[in-house]
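These are the residues of each chain, in order.
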Amino acid sequence: MRRLLSEIRIAGFGGQGVILAASVIGKAVAIFEGGYATMTQSFGPEARGGSSSAQVILSSDPILYPYVSRPDILVVMSQEAYTRFTPQIKPGGILIMENEMVQPGQTSAPEGVRVYGVPATRLAEELGRKVVLNIVMVGFFGAVTNLVDPDALRKAVEDSVPPAMQKLNLAAFDKGFQYGAELVHRMSEPETELVPAQEGDA
Amino acid sequence: MRRLLSEIRIAGFGGQGVILAASVIGKAVAIFEGGYATMTQSFGPEARGGSSSAQVILSSDPILYPYVSRPDILVVMSQEAYTRFTPQIKPGGILIMENEMVQPGQTSAPEGVRVYGVPATRLAEELGRKVVLNIVMVGFFGAVTNLVDPDALRKAVEDSVPPAMQKLNLAAFDKGFQYGAELVHRMSEPETELVPAQEGDA
Amino acid sequence: MAKGFVAITVERCKGCGFCVEFCPTKVLALSSAFNSKGYHAPQVVQADKCSGCDLCGMYCPDFAIFGARHAR
Amino acid sequence: MAKGFVAITVERCKGCGFCVEFCPTKVLALSSAFNSKGYHAPQVVQADKCSGCDLCGMYCPDFAIFGARHAR
Amino acid sequence: MSECLVDIPADAVNPVEPYLRSERIPHIWCPGCGIGTTVNCFARALDASKLDLNKVAIVSGIGCTGRVAGYADLDSFHTTHGRAIPFATGLKLANPELQVVVYSGDGDLFAIGGNHFIHAARRNMDLKVICVNNLTYAMTGGQTGPATPDHVISTTSPYGVFEPAFNLVQLAEAAGAAYVARWTTFHVKQLARSMEEVMKKRGFCFIEIISPCPTLYQRRNKMGDGLDTMKFYKQVSKIRNGAPTSECGLTKSGEIVVGKFVDRDRPGYFEMLNAQMTESLGDRYVIPEASSCGDC
Amino acid sequence: MSECLVDIPADAVNPVEPYLRSERIPHIWCPGCGIGTTVNCFARALDASKLDLNKVAIVSGIGCTGRVAGYADLDSFHTTHGRAIPFATGLKLANPELQVVVYSGDGDLFAIGGNHFIHAARRNMDLKVICVNNLTYAMTGGQTGPATPDHVISTTSPYGVFEPAFNLVQLAEAAGAAYVARWTTFHVKQLARSMEEVMKKRGFCFIEIISPCPTLYQRRNKMGDGLDTMKFYKQVSKIRNGAPTSECGLTKSGEIVVGKFVDRDRPGYFEMLNAQMTESLGDRYVIPEASSCGDC
Amino acid sequence: MVERFAWRIPTVGGVFIQMEDELAASITMQGAVWGGAKAFTVTSGPGFSLMMEHIGYAAVTETPCVFVNVQRGGPSTGLPTLPAQADMMQAKWGSHGDYGIIALCPNSPQECFDLTIKGFNLAEEFRVPVMLMLDECVGHMTEKVVIPEPDRIEITPRRYTKKPANEFRLFEPREDLVPDMVKAGDGYHFHVTGLTHDERGYPSMTVDTQDKMGKRLLDKLKPFTNGRAIFEAENLEDAEVVVVSYGITSRVAQRAIEMARAKGLNAGKFRLISAWPFPEQHIREMAAKVKAFVVPELNLGQMVREVERCAGGAARTIGVPHAGGTVHNPEVILKAIEEAVR
Amino acid sequence: MVERFAWRIPTVGGVFIQMEDELAASITMQGAVWGGAKAFTVTSGPGFSLMMEHIGYAAVTETPCVFVNVQRGGPSTGLPTLPAQADMMQAKWGSHGDYGIIALCPNSPQECFDLTIKGFNLAEEFRVPVMLMLDECVGHMTEKVVIPEPDRIEITPRRYTKKPANEFRLFEPREDLVPDMVKAGDGYHFHVTGLTHDERGYPSMTVDTQDKMGKRLLDKLKPFTNGRAIFEAENLEDAEVVVVSYGITSRVAQRAIEMARAKGLNAGKFRLISAWPFPEQHIREMAAKVKAFVVPELNLGQMVREVERCAGGAARTIGVPHAGGTVHNPEVILKAIEEAVR
Ligand SMILES: Cc1ncc(C[n+]2csc(CCOP(=O)(O)OP(=O)(O)O)c2C)c(N)n1
Ligand SMILES: Cc1ncc(C[n+]2csc(CCOP(=O)(O)OP(=O)(O)O)c2C)c(N)n1
Ligand code: SF4
Ligand code: SF4
Ligand code: SF4
Ligand code: SF4
Ligand code: SF4
Ligand code: SF4
Ligand SMILES: [Mg+2]
Ligand SMILES: [Mg+2]
């Protein structure tokens, strides 16, 4: 693997598939990259009304303490999640947000946080099924963070949905990934690796 | 009241009305003689198949420990009860048994125990309802022990059965009492009072 | 001689009288004697009438009686 | 002028489309805009056709719309 | 120790004996209680059915009737109050070759146990349910139960029952039972025949037996003793095989409609299970068989 | 905050609003869920019934439907799973002047709660039971329930349901319900009328509402979203008032018979209670009234 | 008990209903309470186990009610009608989650009557389910019971809120941490739920609400634990050994204590009348003074664990377990006392 | 869990049935066991409370089976899907009467798998119901789980009697106090009852039988309590403070212990994997050596009572209660450790 331990939080509302997105990322590392990952979800019983959030820890060694207080990467798919979690991002971390759902700015991210946005909902709708917006986000995540081997992510997607849904979800992944890749390119930033915050600022 | 504390055990099989007999005696003393009484029953859930036994303690003062280990008076209505409890009678105590149900002799009562028998079942049948054999026993008990005021006992009987059954039960009581009175007379013993065993022997 | 016979286990009997009542040929009657639990068990009063139909056995709630045909 | 009117609480809407489908006079259509939860709420496209029958209101699972007659 | 007055062949035995745990007789039931009579019929049905007794299990709940399991010389289970049917369901699922009989009281099966009854009937689970309906909770002293008729006096209805009772046979039919019959303890022959019939019948079968509880029900309601009750049954019973179950409600002293009311062909639980799984899984489906964990 | 494009009188309010705890809206239900639609009908029925809302109580069990109590601006009780009916029974017994509505799901009322349902119907307890039947345990992720039709895919029946489902309206009738009707969420007008009707009806009343659970039921069974389901209802429903309930079973995609099936006159629980007690006790009987322990 | 109730209630304007099972009974009772009634339910062993879910519901909804459990020999069907005291821990811990209850243990028919009234009063005062833990002995013991004139019976009325509906919050505690009560039909349009809820009674599944609610449910009983515990103490002044007992066992213990004193042993008596909340303070204080506690109970070691915990090693704790079916032989308790003083 | 089981079972010759409620599920399972199957049932909070009666039945009939309880915030409906550890006392005391069970507390998905197998094995070895006590965290945590080859999984086969039917007595214990098993259909014509029963399995409502049966049900677990308890210990050698924890909390405690050690505090770790029977001996021994125990749990004080009892005053016991809904903040546990060493 190409990195040390990395802590990720994905948040939005129920029904957006937050948990699946998180477990796909975890699975990519734990199963398809041979590393270790824990995913802990925390959602109200209003699994479908209220807010939903998941924490993923990726590591090259077994993980003892499975909770994330200050994520390296925050992925938000709702305004509420944005407002609640943005301040917790580690300085120099990454904020990924769903453009249609989130009006940025109300809260300020810690210094040095890089921000990437994607209209995942609309992209998903273009594929005909809004439900796959979470996988679009995963693809986008893969492209902008370059944290996990894209093939591993793709395999994890394939492995995480029922056969009938694989084509659609892979398309969603690719669409998100491509959008992310282009964005990164447009932002004409050299692909940087995610390294612990302090160095990140360097 | 005319006596100190006296401990009584009544035993037979379920369906013979052992418990009712015991509570009638207790009630006579506690309610109609203004004394104190505890009745504790011990029966298997086979309330109607197996054996049934009750303990009554009569006293002029409140009773703390409500259990009887060695009764002054034992009333048995089954062979099993006879065999099981007879040895426990206090020396100089009284054994009252249902004649039809019990063949005496297999076990020996402690010294100085006076024995009285009554064919309560048959007497009850003569009244047309075998079920009242327990009240026949109560009447008989009253006559041969002379421990409780007969009127108190009679009132207790009246008070313990549904109105429709009062006549029958009072008849049963009287029949038992009369049989007992005659027996005591025939045994041409002067009516002795029940006094604690040792003196009893004097 | 009777077609059947009836066997009674007096000590099991609780004197309900079912057998006496439902014996088609009135073979039985309750005795006046008590068994050890104080019940009047049935006794055979017309042995020759017993067909061995075992209705008494089917009715007896206490498994205290049964009838059977004599092996011919 | 229309017999009735229809009121929409966009933020409550979850875009199920019941109101649009079951409006007898096709007064409504889903807008292409998202509300803050990412749903397309209905909008009035033929206000004059609204009878105020409130069927939209009875169907709306999210209490986000209702119709009523204009007080005459 | 059979005493008697005519010559009895030495080898003569009571036909019920082979089906009893004789060491546990005399049983706990009262004089004139009908439960023992139903057991006679059950024994004769087993006899006639020629079933391998090693493959017959009996499951009871709690109550006077619940004690039947303890007297039957079979694999027998005295479970918890109201749960005989779900326990029996587990037994049957683990070993489908068992013939599982549920033998319990009206209170056990229809008061606390009512939900399991209707769900097992819905599933058409292959159980033979025999209910001794003495119209009360007897074991606990004669409380009102869901089958106690109007106006009856009980310890919990000292002023007479006013809640309508269930019509057990109607409920059984509506819930889906494949076989539904009712007899009284007077109808020993017919009852034995019904019991034999259900041993051969697939799916959820239900037999209701109206039975005397002289100690608590008849006495308290001035209906005499066991024998009086048997005579009463004889007098008021009307055999109407195939009668609509909706017409078979019971009253305190009115007519008792008896007979076989329902006998329909519904696929049993296992057939439905196997059919569906085979359809979906083809030969990936492994049919569950008598499992034995000793060798796993 | 009502935005809109035609002039709206300032005082215009959504007719459902007065019956809701508006501070708790938006509710937790999914897009296209039918539960909210049934609440609209309920609100309009209350409105039409002119009942004193201080004397109407609503009791729910657990589940998505179970949350209705929490949104209704009435004395409302969110009880335990399956126990809404016995809780409601206690409420009614303590204060007979209350109109007690039970509003819950198919799993709550008929899986774990089935026994209470049939017993309350037997007693003809004066309760208005409204069941939102989305054919699954939704709150917990879409398991099979006792009303789930054959061949349906669910989390607990990944290979398709094979257990026969209850026919809820038939069961209700057999158990003794005084009023039995079924509608779908498409039939908003008829449903509202039925709800209004039972508010005036004495005894145990039951209304089944077939309702979409797009998130867990329709989606998993490729039956589309909420709107598709509403169109499906419109297409396959057949109104047959008075149809024999035995003919109203449901299948996965077949006809849905809707209508009022049973509307019979049975004395209510309290009438029977008072009649019996007066008969036995004469004027020693004290009729229970709205009790209040503050002053005892 | 049930029988007598069924017989009497219709003549006093009450309602008696026999539900289909204990699940129903234990929640119907609570419905009745919210309808404005005082209500209780009676059961034994297995039925008590079926009521566990609803004890939790009563606790979290703060529904004042009384559960009477006539303890039999257990586990399971066990020894119907034969005595035991083996449901004591269950009374406190039998439902899932943390919650507070009060458990009372009468040792005579008279006390059954008195503590039933006391139980209703405590239920109203603290708004907790109260468990009346009988044992079959007391359940089947017949003694004279003096029933005072109705007007001489002290009754704690339900504390209904005085606030108007618009100011009222269903679970807003008074300074004593107990909220005021309302009943259905009075126009408050309140909401009751078994979900974790805020002071309005609305579901609020947050860590804070859980913390606030959960702790208050225990804290509101602190006044009872500290100082209000009900017990009977004798001969503690000079006691080297204290026999801690409850229910029928206390009458057997009494006999054993008398025997011990007759032998010149300084045995004291501490009878738990309220077993839960456990009177920690009293035990700790005694522990500092005495050599040992002797704890006879008709179970294989339940309340003795609490005694041992609170004794904290300061005094020995000697259990005298008994599997039930009858009561201890006083000699056995005496022997334990003798061992304890050694 | 249930879902996955329903999906897999038909392909391996097993049976999955979804019963109408938890009362049914918990007894259907036992019927299946007596039919010769290995069986378990899964539930959460309220459903667990409904299973209490049948835990007692399993205990007294010595039916080997596994109850999985995913603990949620409670009481009552409480906090569905949010974590707690507040059913720990219930697992031991929730059914009426005295009986023995084994309770296991996994702290990771891997352990959920391993301890499920372990649970089945212990159930067979001791013929007790085994409780697998998850908390919603572990229940909803996703981690890699290594599933060994079937033939590498160690399984305790059910110990069926070798005796012929005429010599066999259903509850005649072996020297290890556990009786051999049989199953329906093998010609033994055995009888199982929840009533107090003799070695033949027949009801015998006597004081002696109750005593014999009741005590054996507890005694047969002694070997487990003494020596077989399952736990994880670290840094006990030099420990001044031992943090006793279980389930998800143990992973939080781990973090706190590391922080403490980083600060130079001698904190040790004792993780209960088998919480019941409670490892009394181990606690007593540690108590003699250390200053204090710190016991964090996602409840308001349950297992801490056992620790306090066994510490017997030899070491202080400091609980770190948490009402649940999430896990402890490690800082809070750290603070308790710091206070403890003071
Ligand atoms: C959970 C539970 N509740 C109550 C009881 C008490 N109980 C034992 S048997 C019984 C009713 C039995 O009635 P029925 O099933 O009709 O049997 P019967 O005695 O009439 O044959 C009851 C309520 C119990 N054992 N367990
Ligand atoms: C005793 C108990 N068992 C199980 C659960 C979990 N549970 C909550 S809701 C529910 C089923 C709900 O189904 P339904 O009544 O149809 O309501 P829906 O969500 O479909 O509206 C279950 C099984 C519980 N809360 N309590
Ligand atoms: S066998 Fe038949 S004929 Fe003979 S006694 Fe019995 S019933 Fe009567
Ligand atoms: S039927 Fe049986 S119990 Fe009844 S009298 Fe005849 S022999 Fe005795
Ligand atoms: S009120 Fe009627 S006409 Fe107007 S929008 Fe609504 S449904 Fe259409
Ligand atoms: S029915 Fe309601 S929720 Fe659905 S689209 Fe219309 S307004 Fe929105
Ligand atoms: S109480 Fe009734 S049912 Fe029970 S044994 Fe006696 S007669 Fe039979
Ligand atoms: S899960 Fe189904 S029933 Fe529940 S809210 Fe969503 S759509 Fe409605
Ligand atoms: Mg009965
Ligand atoms: Mg549902």
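Every value quoted in this text rests on a predicted model; they were computed, and no experiment measured them. (Residues numbered from 1 in each chain as written. Chains lettered and ligands numbered in written order. Predicted model: local features only at pLDDT ≥ 70, side-chain atom pairs only at ≥ 80, totals over all residues. Heavy atoms only, no water.)

**Digging into the overall build of chain A**
Alright, step 1. Along the backbone of chain A there are seven helices and six strands.
Alright, step 2. For chain A, the α and β elements follow one another from N to C terminus as β-α-β-β-β-α-β-β-α-α-α-α-α.
Alright, step 3. Counting all 202 residues of chain A, 56% fall into the buried class.
Alright, step 4. At a minimum sequence separation of 6, the contacts of chain A that also span at least 24 residues come to 61%. (Helix = DSSP H or I, 4+ residues; strand = E, 2+ residues; numbered from the N terminus. Buried < 20%, exposed > 50% of the residue type's maximum accessible area, 1.4 Å probe, protein only. Contact = heavy atoms within 4.5 Å.)

**Some thoughts on the sheet that holds strand β8 (residues 231-234) of chain H**
Residues and elements named next belong to chain H.
Alright, step 1. If you trace the five strands from one edge of the open sheet to the other, you get β8-β10-β9-β12-β13, paired in mixed fashion. Because the sheet does not close on itself, it has two edges, and the strands there are β8 and β13 (316-321). Here the strands of the sheet are splayed against their neighbours by 20° on average, with no regard to which way each runs.
Alright, step 2. Judged from the six bridges that link them, strand β12 (residues 292-297) and β13 form a sheet pairing that is parallel. Paired with Val294 across the strands is Ile318, a residue of β13.
Alright, step 3. Sitting on the sheet, helix α13 (residues 330-341) touches β9 (241-245), β10 (267-272), β12 and β13, and the angle it makes with β13 is about 165°. (Pairing = 2+ DSSP bridges. Axes fitted to C-alpha atoms, helices over the stretch in contact; angles between N-to-C directions.)

**Regarding the packing of helix α2 (residues 22-34) of chain H against helix α4 (residues 52-60) of chain H**
Residue and element names in this part refer to chain H.
Alright, step 1. Direction vectors running N to C along α2 and α4 enclose 15°, while the axes themselves pass 9 Å from each other. Taken as axis vectors, α2 and α4 run roughly parallel relative to one another. Along this stretch, α2 crosses α4, giving a crossing that reads as right-handed. On α4, the residues that touch Leu23, Ser26, Ile27 and Gln30 of α2 are His54, Tyr57 and Ala58.
Alright, step 2. Split into classes, the residues belonging to the contact of α2 with α4 amount to four nonpolar, three polar and no charged. (Parallel < 35°, antiparallel > 145°, perpendicular 65-115°, else oblique. Left-handed = near helix turned anticlockwise from the far one by under 90°. Nonpolar A, V, L, I, M, F, W, Y, C, P; charged D, E, K, R; others polar.)

**Some words on the relation of the copies chain H and chain G**
Note that the two copies of the chain are related through a rotation about an axis and a translation along the same axis.
Alright, step 1. Overlaying chain H with chain G gives an RMSD of 0.0 Å, the required rotation being 180° about an axis along which the chain moves by 0.0 Å. These values place the two chain copies in the arrangement generated by a two-fold rotation axis.
Alright, step 2. Here 100% of the contact residues of chain H are again contact residues in chain G; the copies associate through an equivalent surface. (Least-squares fit on C-alpha atoms with pLDDT ≥ 70 in both.)

**Notes on the coordination of the magnesium ion (ligand 10)**
Residues and elements named next belong to chain F.
Alright, step 1. Ligation of the magnesium ion (ligand 10) by protein atoms is provided by Asp106 (OD), Asn134 (OD1) and Thr136 (O), these donors lying 2.0 to 2.1 Å from the ion.
Alright, step 2. Here the donor residues for the magnesium ion (ligand 10) map to a single chain with the spacing D-x27-N-x1-T. In this pair, Asp106 sits in helix α4 (residues 106-112) while Asn134 sits in the loop between β4 (128-133) and α6 (168-175), placing the two residues 28 residues apart along the sequence.
Alright, step 3. With a relative accessible area of 5%, Asn134 lands in the buried category. (Donors = N, O, S within 2.8 Å, 3.2 Å for Na, K, Ca; no water.)

**Brief notes about the arrangement of the chains**
Alright, step 1. Here 16 pairs of chains are in contact, and chains G and H lead that list by number of contacts.
Alright, step 2. At no point do chain A and chain B touch; the closest pair of C-alpha atoms across them sits 47 Å apart.
Alright, step 3. What separates chain C from chain F at the closest point of their C-alpha atoms is a distance of 33 Å, and the two make no contact.

**Let's talk about the coordination of the magnesium ion (ligand 9)**
Residues and elements named next belong to chain E.
Alright, step 1. Within the protein, the atoms that donate to the magnesium ion (ligand 9) are Asp106 (OD), Asn134 (OD1) and Thr136 (O), at distances of 2.0 to 2.1 Å.
Alright, step 2. Of note, the donors binding the magnesium ion (ligand 9) are all from one chain and are spaced D-x27-N-x1-T. Taken individually, Asn134 and Thr136 each receive the classification buried, so the pair is uniform in this respect.

**Overview of the nonpolar core**
Alright, step 1. Counting 217 residues, the largest nonpolar core has Phe206 of chain E, Phe206 of chain F, Phe293 of chain G together with Phe293 of chain H as its most contacted members.
Alright, step 2. Aside from chain neighbours lying at most four places away, what touches Phe206 of chain E is Phe110, Phe117, Val129, Cys131, Leu168, Val169, Ala172, Tyr179, Val180 and Ala181 of chain E. (Core = buried A, V, L, I, M, F, W, Y, C linked by side-chain atoms within 4.5 Å.)

**A few points about the confidence of the model for chain A**
Alright, step 1. Confidence along chain A averages 85 in pLDDT terms, with 86% of residues attaining 70 or more.
Alright, step 2. Low confidence marks residues 191-202 of chain A, where pLDDT is under 50. Its contacts with residues over four positions away, or in another chain, come to 14 contacts. (pLDDT = per-residue confidence, 0-100.)

**Regarding the site of ligand 2**
Alright, step 1. Neighbouring ligand 2 are 20 residues; Cys64, Thr65, Asp106 and Asp108 of chain F together with Glu22 of chain H lie closest to it.
Alright, step 2. Nearby residues place ligand 2 at the junction of chains F and H.
Alright, step 3. Between Ala138 of chain F and ligand 2, the recorded distance is 3.0 Å, taken from a backbone N or O atom to an oxygen atom.
Alright, step 4. The separation between a nitrogen atom of ligand 2 and a polar side-chain atom of Glu22 of chain H is 2.6 Å.
Alright, step 5. Surface burial for ligand 2 is 92%, taken as the share of its 580 Å² of free accessible area covered by protein chains.
Alright, step 6. When residues of the shell around ligand 2 are traced back to their parent elements, those giving at least two are α4 of chain F together with α3 (45-50) of chain H. (Near = heavy atom within 4 Å. Polar contact = N/O pair within 3.5 Å; in protein donor to acceptor, adjacent residues only side chain to side chain. Areas by Shrake-Rupley, 256 points an atom, 1.4 Å probe, with all protein chains shown as cover.)

**A word on the interface of chain H and chain G**
Alright, step 1. With 60 residues of chain H at the interface, the matching set in chain G holds 60 residues.
Alright, step 2. Across the interface of chain H and chain G, roughly 4,900 Å² is buried in total on both sides, 62% from carbon and sulfur atoms.
Alright, step 3. Considering only the surface of chain H that becomes buried against chain G, Pro75, Trp93 and His96 of chain H emerge as the three largest contributors, covering 16% of it.
Alright, step 4. Linking chain H with chain G are six salt bridges, by the criterion used here.
Alright, step 5. For the salt bridge of Glu308 of chain H with Arg309 of chain G, the shortest nitrogen-to-oxygen distance reads 3.0 Å.
Alright, step 6. Between chain H and chain G we count 30 residue pairs in polar contact (both at pLDDT 80 or more) in total.
Alright, step 7. Secondary structure elements with two or more residues in the side of chain H that touches chain G: α3, α4, β3 (79-83), α5 (88-93), α8 (207-219), α11 (280-289) and α12 (303-311) of chain H.
Alright, step 8. At seven residues, the largest contribution of residues to the side of chain H that touches chain G is made by α8 of chain H.
Alright, step 9. When its residues are assigned to classes, the side of chain H that touches chain G shows 22 nonpolar, 27 polar and eleven charged. (Buried area = accessible area lost by both parts, 1.4 Å probe. Salt bridge = Lys/Arg side-chain N within 4 Å of Asp/Glu carboxyl O.)

**Structural notes on the relation of the copies chain F and chain E**
Alright, step 1. Relative to chain E, chain F is turned by 180° and slid 0.0 Å along the rotation axis, the superposed coordinates differing by an RMSD of 0.0 Å.
Alright, step 2. A share of 100% of interface residues in chain F that are also interface residues in chain E marks the association as one of identical surfaces.

**Quick word on the interface of chain F and chain E**
Where the parts come together, the accessible area they lose is often given as the size of the interface.
Alright, step 1. Of the residues lining the interface, 33 residues belong to chain F; the matching set on chain E comes to 33 residues.
Alright, step 2. Between chain F and chain E lies a buried interface of about 2,900 Å² when both sides are counted; carbon and sulfur atoms form 64% of it.
Alright, step 3. For chain F, the biggest contributors to the area lost against chain E are Arg122, Tyr159 and Phe162 of chain F; these three give 26% of the whole.
Alright, step 4. In this structure, Glu163 of chain F and Arg122 of chain E form a salt bridge, with 3.0 Å as the shortest nitrogen-oxygen distance.
Alright, step 5. Here chain F and chain E share 21 residue pairs in polar contact (both at pLDDT 80 or more) between them.
Alright, step 6. Residue assignment for the side of chain F that touches chain E shows that the elements contributing at least two residues are α4, α5 (114-123), α6 and α10 (269-281) of chain F.
Alright, step 7. Among the elements that line the side of chain F that touches chain E, the one with the most residues is α10 of chain F, at eight residues.

**Digging into the packing of helix α3 (residues 84-94) of chain F against helix α2 (residues 22-34) of chain G**
Alright, step 1. At a minimum axis separation of 6 Å, α3 of chain F and α2 of chain G run at an interaxial angle of 40°. Between α3 of chain F and α2 of chain G, the crossing angle belongs to the class labelled oblique. When you trace α3 of chain F past α2 of chain G, the crossing you get is right-handed. In contact with Pro86, Phe87, Thr89, Gly90, Leu91 and Ala94 of chain F of α3 of chain F, α2 of chain G contributes Ala24, Ile27, Thr28, Gln30, Gly31, Ala32 and Trp34 of chain G.
Alright, step 2. Of the residues assigned to the contact of α3 of chain F with α2 of chain G, the class counts are eight nonpolar, five polar and no charged.

**As for the pairing of strand β2 (residues 65-73) of chain H**
Residues and elements named next belong to chain H.
Alright, step 1. Among the nine residues in β2, nine count as buried, and that is most of the element.
Alright, step 2. In terms of strand pairing, strand β1 (residues 40-44) meets β2 through five bridges, oriented parallel. Pairing of Ser44 across the sheet is with Val70, part of β2.
Alright, step 3. As judged from the two bridges shared by β2 and β3, these two strands associate in the antiparallel manner. For Arg72, the partnering residue across the bridge sits in β3 and is Pro83.
Alright, step 4. Here β2 folds back onto β3 in antiparallel fashion, the turn holding five residues, of which Ser76 has a positive phi close to 55°.

**Quick notes on the sheet that holds strand β8 (residues 256-263) of chain F**
Alright, step 1. In spatial order, the strands read β7(F)-β8(F)-β5(F)-β6(F)-β4(F)-β3(F)-β1(F)-β2(F)-β7(G); together these nine strands make up an open sheet with mixed pairing. Where the open sheet ends on each side, the last strands, each with one partner, are β7 (237-239) of chain F together with β7 (191-193) of chain G. Recorded for the sheet is a direction-independent mean angle of 20° between the axes of neighbouring strands.
Alright, step 2. One ladder, built from four bridges, connects strand β1 (residues 56-60) of chain F with strand β2 (residues 75-78) of chain F; its direction is parallel. Paired with Ile58 of chain F across the strands is Ser76 of chain F, a residue of β2 of chain F.

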